[in-house]
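What follows is each chain in one-letter form.
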Amino acid sequence: MLDKINSLKTEIEALTAANLDEVEVLRIKYLSKKGLVPALMNDFRSVPAEQKRTIGQAINDLKTFATDKINSLRESLSSAGDDFSGIDLTRTPSPVKLGTRHPLSIVREEIIAIFRRLGFNIAEGPEIEDDWHVFSALNFAEDHPARDMQDTFFINRTPDVLLRTHTSSVQSRVMETTKPPIRIICPGRVYRNEAISARAHCFFHQVEALYVDRDVTYSDLRQTLLYFAREMFGPETKIRLRPSYFPFTEPSAEMDISCNLCGGKGCSFCKHTGWVEILGCGMVDPNVLEACGIDSKIYSGFALGMGVERITNLKYQVKDLRMFSENDTRFLEEFTSAH
Ligand code: DAH
């Protein structure tokens, strides 16, 4: 009996099948009710009592062995159903394609990092604002043209709810709630009612900086600006401040840097002047300090604001402002190595 079991085992061990139908034929032959393995049970009845234990165990083992064999034949055939011919499985997989950071984010982070080194901390404010924080607290006259619907997107009139036109609104919010010393940098998106073109957009990005403390002077402002310009555009960069006007600063200035394309010699980018304008700045007007609850006899401050798109254009010569918001991956991929 044991010989019979063993020879059946050897037979099963050697089984092969070319397809799933053949496996099924084998299953029926060996394992179905009338198959060869269950048929052993007929002989088992005549096995002497003292051998029943050993033989019974051997038949059970054979049954397990046959079931495993049939299953493994079936599995190997069903996974072989995938056709790998023509595919080089040894090839290195294509690397996962990482996205790129947006050029405006790269430049914004760079600006923030420079000011952080000077001890400025990030402050943020809402994009949906009120008239007070965007205009009145910043000393804009009642009839200032910036308040006009032509420039500002109003969401509601009386009470005024509007999209901020500059990040200077964060200045007024912080000054209202914080006792000097204040040293903040405010990055954010701003909105203006402009027709979209290569040179203008209805939204863009600014970074504002504000420093208020005892004895803050114009030379602190100038030195901060020089440090910023050199860190941002290289150690050879020169700056020049031209008198200007903003309602919230007195005196006010606009800062030019020596053209970083021609090094100041004059080219079409700087319109052959050797200089390009990059930001507005000035000493915080005492009216603004007072409007925000800061005693202008004790404290003074400087502020500056710049457009992130402008700085990015200077660094990367992006000709058309619309590129920044179109999410064309061919444009964005150009900045893969820029960070
Ligand atoms: N808010 C100004 C603008 O949007 C930029 C600016 C100019 C900000 C002078 C300032 C500043 O803080 O002192 O054009």
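Structure's up top.
Thresholds applied
- The numbers attached to residues start from 1 for each chain and follow its sequence in the written order.
- In keeping with the predicted nature of the model, local features appear solely for residues at pLDDT of at least 70, side-chain atom pairs appear and are counted solely at 80 or more, and the whole-chain, interface and lining totals rest on all residues.
- To get the side-chain values, take all heavy atoms of the structure and skip hydrogens and water.
- By this definition, two strands are paired if DSSP reports at least two bridges between them.
- Numbering of helices and strands runs from the N terminus, with a helix taken as a DSSP run of H or I at least four residues long and a strand as a DSSP run of E at least two residues long.
- Where helices are involved, their axes are fitted lines through C-alpha atoms of the stretch in contact, as for all axes, and angles between N-to-C directions lie from 0 to 180°.
- A helix is expected to span 1.5 Å multiplied by its residue count minus one.
- Whether a residue is near a molecule or strand depends on its heavy atoms: it is near if one of them lies within 4 Å of it.
- Residues adjacent in sequence count toward polar contacts only when both atoms are side-chain atoms; beyond that, a polar contact is any pair of N or O atoms within 3.5 Å, and within protein one must be able to donate a hydrogen and the other to accept it.
- Per-residue and other accessible areas were derived by the Shrake-Rupley procedure at a 1.4 Å probe size, with only the shown protein chains allowed to occlude residues.
- Gly falls in the polar group here, along with every residue not listed as nonpolar (Ala, Val, Leu, Ile, Met, Phe, Trp, Tyr, Cys, Pro) or charged (Asp, Glu, Lys, Arg).
- Definition used in this section: a nonpolar core is a set of buried Ala, Val, Leu, Ile, Met, Phe, Trp, Tyr and Cys residues joined via side-chain atoms within 4.5 Å.
- We call a residue buried when its accessible area falls under 20% of the maximum for its residue type, exposed when it is over 50%, and partly exposed in between, using a 1.4 Å probe and counting protein chains only.
- It only takes one pair of heavy atoms within 4.5 Å for two residues to be counted as in contact.
- Charge assignment in this entry is limited to Lys and Arg as positive and Asp and Glu as negative, and neither His nor the chain termini are counted.
- Salt bridge, as applied in this entry: a Lys or Arg side-chain nitrogen positioned within 4 Å of an Asp or Glu carboxyl oxygen.
- Working note: the arc is built from the helix axis to C-beta atom directions.
- In this analysis, rings of Phe, Tyr and Trp, with Trp reduced to its six-membered ring, are considered paired at centre separations within 6.5 Å, and the interplanar angle assigns stacked below 30 degrees, edge-to-face beyond 60, and tilted for intermediate values.
- Placement of a charge over a ring requires the Lys NZ or Arg CZ to be within 6 Å of the ring centre, with the centre-to-atom vector within 35 degrees of the ring normal.

(A) Layout of the sheet that holds strand β2 (residues 128-130). Pairing is antiparallel in the open sheet, where three strands are placed in the order β2-β4-β3. The open sheet is flanked by β2 and β3 (154-156), the only strands paired with a single partner. Sheet twist, expressed as the mean angle between neighbouring strand axes with direction ignored, is 35 degrees. Relative to strand β4 (residues 161-163), β3 runs antiparallel, the two being bridged by two bridges. Paired with asparagine 156 across the two strands is valine 161, which belongs to β4.

(B) Quick look at helix α5 (residues 103-117). Here α5 spans 22 Å end to end across 15 residues, near enough to the 21 Å set by a 1.5 Å rise per residue. Among the residues trailing α5, glycine 119 stands out with phi positive, at a value near 95 degrees.

(C) Structural detail: the site of the ligand. Inspection of the region around the ligand gives 15 residues, with His166, Ser168, Arg192, Gln206 and Glu208 positioned closest. One of the side-chain nitrogen or oxygen atoms of glutamine 206 is found 2.9 Å away from an oxygen atom of the ligand. Take alanine 303: an N or O atom from its main chain is 3.1 Å from an oxygen atom of the ligand. The fraction of the free accessible surface of the ligand (350 Å²) that becomes covered by protein chains is 88%. Of all the secondary structure elements, the ones that give two or more residues to the shell around the ligand are α7 (168-177), β6 (203-213), β9 (275-284) and β10 (300-307). Residue composition of the shell around the ligand, grouped by class: five nonpolar, eight polar and two charged.

(D) How the structure looks around the nonpolar core. Core analysis: the biggest nonpolar cluster contains 44 residues, and Ile111 and Leu304 have the highest contact counts within it. Taken together, the elements giving at least two residues each to this core come down to α5, β6, α8 (218-233), β8 (249-258), β9, β10, α10 (308-316) and α12 (329-332). Looking at this core, the element that brings in the most residues is α8, giving seven residues. Residue contacts for leucine 304: discarding those within four places in its chain leaves Phe115, Val207, Glu208, Ala209, Leu221, Leu225, Leu279, Gly280 and Cys281.

(E) Main features of the sheet that holds β8. Overall, mixed pairing links the seven strands, which are arranged β1-β5-β6-β10-β9-β8-β7 in an open sheet. Whereas interior strands pair on both sides, the edge strands pair on one side only; in this sheet they are β1 (121-122) and β7 (239-246). Sheet topology places β6 next to β10; eight bridges connect them, and they run antiparallel. Paired with tyrosine 211 across the strands is phenylalanine 302, a residue of β10.

(F) Inspection of the side chain of glutamate 254 at higher detail. For glutamate 254, the location among the structural elements is in strand β8. Buried charge without a partner: glutamate 254 forms no salt bridge, and the closest opposite charge is arginine 242, 4.1 Å away. In this structure the side chain of glutamate 254 is engaged in a polar contact, spanning 2.9 Å, whose partner is the side chain of serine 244. Apart from residues lying up to four places away in sequence, glutamate 254 is in contact with Arg240, Leu241, Arg242, Ser244, Phe246, Glu277, Leu279 and Gly280.

(G) Geometry of helix α3 (residues 36-44). Three or more residues of α3 are buried, namely Val37, Leu40 and Phe44. Buried residues of α3, seen end-on, are gathered within an arc of 50 degrees and therefore sit on one face of the element.

(H) A look at the pattern of salt bridges. Within this structure, the stated rule accounts for 15 salt bridges. Here glutamate 142 and arginine 147 are joined by a salt bridge, their closest N and O atoms 3.4 Å apart. Measuring nitrogen to oxygen at the nearest pair gives 2.8 Å for the salt bridge that ties arginine 242 to aspartate 256. With arginine 242 in strand β7 and aspartate 256 in strand β8, this residue pair connects regions lying 14 residues apart in the sequence.

(I) Spotlight on the packing of aromatic side chains. Counted under the stated rule, the structure contains 11 aromatic pairs. Ring plane angle 25 degrees and centroid distance 5.8 Å describe the contact between phenylalanine 246 and phenylalanine 248, whose orientation is recorded as stacked. Classification of phenylalanine 246 as partly exposed rests on a relative accessible area of 22%. Between tyrosine 316 and phenylalanine 335, the ring centres sit 5.1 Å apart and the planes meet at 85 degrees, which makes this aromatic pair edge-to-face. Linking tyrosine 316 in helix α10 with phenylalanine 335 in the segment after α12, this pair joins segments that are 19 residues apart in sequence. Judged by relative accessible area, phenylalanine 335 falls into the buried class, the value being 4%. Members of the aromatic cluster, each reached through a chain of ring pairs, are Phe115, Phe120, Tyr211, Phe228 and Phe302. For lysine 52, the ring lying beneath its charged end belongs to phenylalanine 44, and the centroid distance is 5.2 Å. The aromatic ring of phenylalanine 154 is capped on one face by arginine 157, whose charged end is 3.7 Å from the ring centroid.

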